[in-house]
Amino acid sequence: GVLVRKAKAGDIWTEKPYGDFVLELEFKTAGNSGILFRKPDPTTKAKDRLEIQILTPSAKGPSKHTCGSLYDCLAASKEMCRKDEWNQLRLTSANNRVEVELNGEVVLNANLEDWTETGKNPDGTKNKFRQPLREFARQGYIGFQDHGAEIQLRKLRIKPLTSE
């Protein structure tokens, strides 16, 4: 009942793409991973997908790379990841809105329409993306990133919010 990363396993992708959805899962991690979503073609390496960061807690506090953050774009409001324990994550992706609830508390609420410039976040900081987030696909595959760290996933549930 638990997905566990093995050496050089590679990312795991859903069999079909999703538009608006709610994804619920529990995870434990000893490092860096992420939930990739709205990826039009999972066989390409292009950074044309969004990512919710999964990462062990940081003493430095929230950043655009801490657990629950919209990777490289918007920091989670607080560090809610518990080290060496199961963490509950709920990701809601609905049209231009992305919300993350981590261990019972909403830590991220993003409006993708706020990203209007290539390589730039609404707060003026840079990001790694070659198009504004507002132009990203509103439908795509959901993936679980293999970034080289031990990660465990369980109780995965995807609920489409529209008929797909």
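Everything below is about the structure shown above.
Throughout, a residue's number is its position along its own chain's written sequence, starting from 1. Totals for whole chains, interfaces and linings use all residues, but because this is a predicted model, local features are given only for residues with pLDDT of at least 70 and pairs of side-chain atoms are given and counted only at 80 or more. The side-chain figures draw on all heavy atoms in the structure; neither hydrogens nor water molecules are used.

**Describing the sheet that holds strand β9 (residues 141–144)**
Put simply, the test is: Pairing between strands is defined by DSSP: at least two bridges between them are needed. By definition, any uninterrupted DSSP run of H or I lasting at least four residues is a helix, any uninterrupted run of E lasting at least two residues is a strand, and each is numbered from the N terminus.
Reading across the sheet, the 4 strands line up as β2-β9-β4-β5 and stay open at both edges, with antiparallel pairing between neighbours. At either margin of the open sheet sits one strand with a lone partner, and together these are β2 (12–13) and β5 (50–55). Note that strand β4 (residues 32–39) and β5 share 6 bridges and pair antiparallel. Opposite N32, over in β5, you have L55 as the bridge partner.

**Notes on a nonpolar patch on the surface**
Threshold: A patch is a set of surface residues, each over 30% in relative accessible area and not in a salt bridge, joined within 9 Å for like charges and within 5 Å for the nonpolar side chains Val, Leu, Ile, Met, Phe, Trp and Tyr. Using the Shrake-Rupley algorithm and a 1.4 Å probe, accessible areas are obtained, with residue cover drawn only from the displayed protein chains. We define a salt bridge as a side-chain nitrogen of Lys or Arg found within 4 Å of a carboxyl oxygen belonging to Asp or Glu.
Judged by side-chain polarity, L3, I12 and L156 come together as a nonpolar surface patch covering roughly 230 Å² of accessible area. Relative to the assigned elements, L156 resides in strand β10 (residues 151–160).

**A word on the pattern of salt bridges**
In plain terms, the rule: Burial status follows relative accessibility: with a 1.4 Å probe on protein chains alone, a residue under 20% of its type maximum counts as buried, one over 50% as exposed, and anything between as partly exposed.
Within the structure shown, the criterion is met by 13 salt bridges. As a salt-bridge pair, K155 and E26 come within 3.8 Å of each other at their nearest N and O atoms. Pair noted here: K155 is in strand β10 and E26 is in strand β3 (residues 21–29), with a separation of 129 residues, a long-range link. Classification of E26 by relative accessible area gives buried; the value is 10%. Put simply, K64 and D123 hold a salt bridge, and the shortest N to O gap is 3.0 Å. In this pair, K64 sits in the loop between β5 and β6 (87–94) while D123 sits in the loop between β8 (105–111) and β9, placing the two residues 59 residues apart along the sequence. Taken together, the salt bridges that share partners define one network made up of E24, R90 and R157.

**Notes on the nonpolar core**
Here is the rule we go by: Residue types Ala, Val, Leu, Ile, Met, Phe, Trp, Tyr and Cys, when buried and joined through side-chain atoms within 4.5 Å, form a set referred to as a nonpolar core. Contacts were defined at the residue level, with two residues in contact if any of their heavy atoms lie within 4.5 Å.
Of all hydrophobic cores here, the largest spans 34 residues; its most connected members are I35, I52, L70 and L91. Taken together, the elements giving at least two residues each to this core come down to β3, β4, β5, β6, β7 (97–102), β8, β9 and β10. Not counting residues up to four positions away in its chain, the partners in contact with I35 are L23, L25, L50, E51, I52, I54, L89, L91, I142, G143 and F144.

**Details of the sheet that holds strand β1 (residues 2–4)**
Two modes of strand pairing occur in sheets, parallel and antiparallel, and in both the strands are linked by backbone hydrogen bonds. The test is simple: What counts as an axis is a line fitted to C-alpha atoms, over the stretch in contact for a helix, and the angles between N-to-C directions run from 0 to 180 degrees.
Strand order across the open sheet formed by 6 strands is β1-β10-β3-β6-β7-β8, with antiparallel pairing between neighbours. Of all strands in the sheet, those bounded by a partner on one side alone are β1 and β8. Here the strands of the sheet are splayed against their neighbours by 25° on average, with no regard to which way each runs.

**Remarks on unusual backbone geometry**
At D84, a position not held by glycine, the phi torsion is positive, near 60°. As for its placement among the helices and strands, D84 is situated in the loop between β5 and β6. Taking the relative accessible area as the measure of exposure, D84 reaches 60% and is therefore exposed. The phi dihedral of N103 is positive, around 50°, even though this residue is not glycine. Here N103 lies in the loop between β7 and β8. With relative accessibility at 14%, the residue N103 sits in the buried group.

**Details of the side chain of D20**
The following threshold applies: The positive count covers Lys and Arg only, the negative count covers Asp and Glu only, and His and the chain ends enter neither. Identification of polar contacts relies on pairs of N or O atoms within 3.5 Å, with a donor-acceptor requirement for protein atoms, meaning one able to donate a hydrogen and the other able to accept it, and with residues adjacent in sequence counted only if both atoms are side-chain atoms.
On the secondary structure map, D20 appears in the loop between β2 and β3. One buried charged side chain, D20, makes no salt bridge at all; its nearest oppositely charged neighbour is R38, positioned 4.3 Å away. A polar contact is formed between the side chain of D20 and the backbone nitrogen of N95, at a distance of 2.7 Å.

**Examining the pairing of β8**
Sheet topology places β7 next to β8; 6 bridges connect them, and they run antiparallel. For V100, the partnering residue across the bridge sits in β8 and is L108.

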